[in-house]
Amino acid sequence: NGHTHVCVNESVTEFPFSPSTPTQEIIDYLGLGPTTRAKCVWCGNHTMGEKCQDCMEGFFRGSEDHRASCRPCECHGHGDTCDPITGEKCNCANNTESDPTCQSSKNSHHCWALQCSKCRDSYFGTPTEGHQCYKQMNVDYKFCLDAKLIEDCKTKLKPLAVAQTVFFMVQPRFMNVDIRLTVDVTQGGLDLFVSPRDDTFVVDVNMTSGAHTINMDPRYIWHPSDDSVQLENENGSANVWHSGQVFNVMERQAKGLTTFITLGQRNTLLFVRNLTNRLVLTLPEKVHELGSTRFYIAVTAVNQAYGTIFFRQDQLHIDLFVFFSVFFSCFFLFLAACVVAWKAKQAADVRRARRRHVVEMLHMAKRPFAS
């Protein structure tokens, strides 16, 4: 099928040469080559089989033509196996999934390019080109570091392993109330990264150890002179300064029992290193447009770590029972005061009438009797 230039008889079990052996030496050894059934050796282009007709695991051909080369599965870094012919059915991980409605036989576009390109329910992001899916966090819900609700992980508490990463997205509930994100580390240490965009961070995985390394997307251009990062335009141009969106970079070392940080500027990328206790991060609503902005968080374990993460938006709450109790208490107190005032006025009117009657009687008593 054009993937190798060496064939031997199928009865040959050992072939004492390597791909670097000169061709003439192989020809001298084989002579005229196999005269009956033959099998291929040293299949190239990531193929295998007696006729180099199959793709190796993790590769696909894209057609049923055995002459076509095999290429790596397009799982966007979230899987390593797929259908060897169509490139579909990736073993998607990292909370990703493929579009189940896309089938190459029914669509004009290639579905192999859309594998592991969607996030599962309750996860958000665009998990392509090394980007990840972020677990949605709602106000006042606590999560463990394995992205499970604290009620679910109390029975089977799992640590965040060394050099492993978990991703969260802060979804504001109120548009006019500050956000206070709290990360409590009960054991171990963390590095924390915060961005207002879901495409800022990419994860590089060490294929030997499985360790994660958080890096910025190559489209973000670092300017160390003023601690800022510039995002390339959609056309990829970053030659002209300010041609793309600019982000401020804030890097902090966690210290003491509680580390307090306030993001007082929009479009800020925050890096917090060596968090071993508590972090309280404030996002003021007067600075950030909470109606349109989401905050994406990546947490990497420096040491095996246990802890929780949650955010709050504190506002004044009125207890209806207390409200109506106070209301009716004040109402009846006012009503009692009115009754007392009415009774006092009534008593005053009676006394005034009696005095007037006494005065009239005295006045009549002083008048002479008529003759």
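Being a predicted model, the structure only gives us computed values, none of them experimental. (Residues numbered from 1 in each chain as written. Predicted model: local features only at pLDDT ≥ 70, side-chain atom pairs only at ≥ 80, totals over all residues. Heavy atoms only, no water.)

All right, on to the overall build of the chain then. Helix and strand counts for the chain stand at 3 helices and 22 strands. Taking all 371 residues of the chain together, the buried fraction comes to 34%. If you take every contact in the chain between residues at least 6 apart in sequence, the share linking residues at least 24 apart comes to 54%. Split by element, the accessible area of the chain, about 23,000 Å² in all, is 54% carbon and sulfur. (Helix = DSSP H or I, 4+ residues; strand = E, 2+ residues; numbered from the N terminus. Buried < 20%, exposed > 50% of the residue type's maximum accessible area, 1.4 Å probe, protein only. Contact = heavy atoms within 4.5 Å. Areas by Shrake-Rupley, 256 points an atom, 1.4 Å probe, with all protein chains shown as cover.)

A separate point is the UniProt feature "transmembrane region" (unreviewed entry) in the chain. In the numbering used here, UniProt assigns the feature "transmembrane region" (unreviewed entry) to residues 320-342. In residues 320-342, helix accounts for 100% and strand for 0%; the two terminal C-alpha atoms are 32 Å from one another. (UniProt positions renumbered as here; feature names shortened; annotations may be inferred.)

What follows is about the environment of glutamine 315. With respect to the helices and strands, glutamine 315 occurs in the loop between strand S22 (295-312) and helix H3 (320-365). Expressed as a C-alpha distance, the spacing of glutamine 315 and phenylalanine 174, which sit 141 residues apart in the sequence, is 9.3 Å.

To continue, consider the state of the cysteines. Evaluated as defined, the whole model comprises 7 disulfides. Paired by a disulfide, cysteine 55 and cysteine 70 hold their sulfur atoms 1.9 Å apart. An S-S torsion of about -80° defines the bridge between cysteine 55 and cysteine 70 as left-handed. Within this pair, whereas cysteine 55 is found in strand S4 (residues 54-55), its partner cysteine 70 is found in the loop between strand S5 (59-60) and strand S6 (71-72), the two being separated by 15 residues in sequence. An identical accessibility class is assigned to cysteine 55 and cysteine 70; each is buried. Disulfide pairing places cysteine 92 opposite cysteine 116 at an S-S distance of 2.0 Å. Its S-S torsion of approximately -90° makes the covalent link between cysteine 92 and cysteine 116 left-handed. Taken together, the residues span a long stretch of sequence, with cysteine 92 in the loop between S6 and strand S7 (96-97) and cysteine 116 in the loop between S7 and strand S8 (118-119) at a distance of 24 residues. Residue cysteine 92 is classed as partly exposed on the basis of its relative accessible area of 24%. (Disulfide = S-S within 2.5 Å.)

In the numbering adopted here, UniProt assigns the feature "domain: Laminin EGF-like" (unreviewed entry) to residues 40-75. Spanning residues 40-75, this segment combines 0% helix with 25% strand, and its end C-alpha atoms are found 30 Å apart.

Positioned with a positive phi, lysine 89 is a non-glycine residue whose angle comes to about 60°. Looking at where lysine 89 falls in the secondary structure, it is placed in the loop between S6 and S7. One non-glycine residue, cysteine 116, lies in the positive phi region at around 55°. Under the relative-accessibility criterion, cysteine 116 is labelled buried at 0%.

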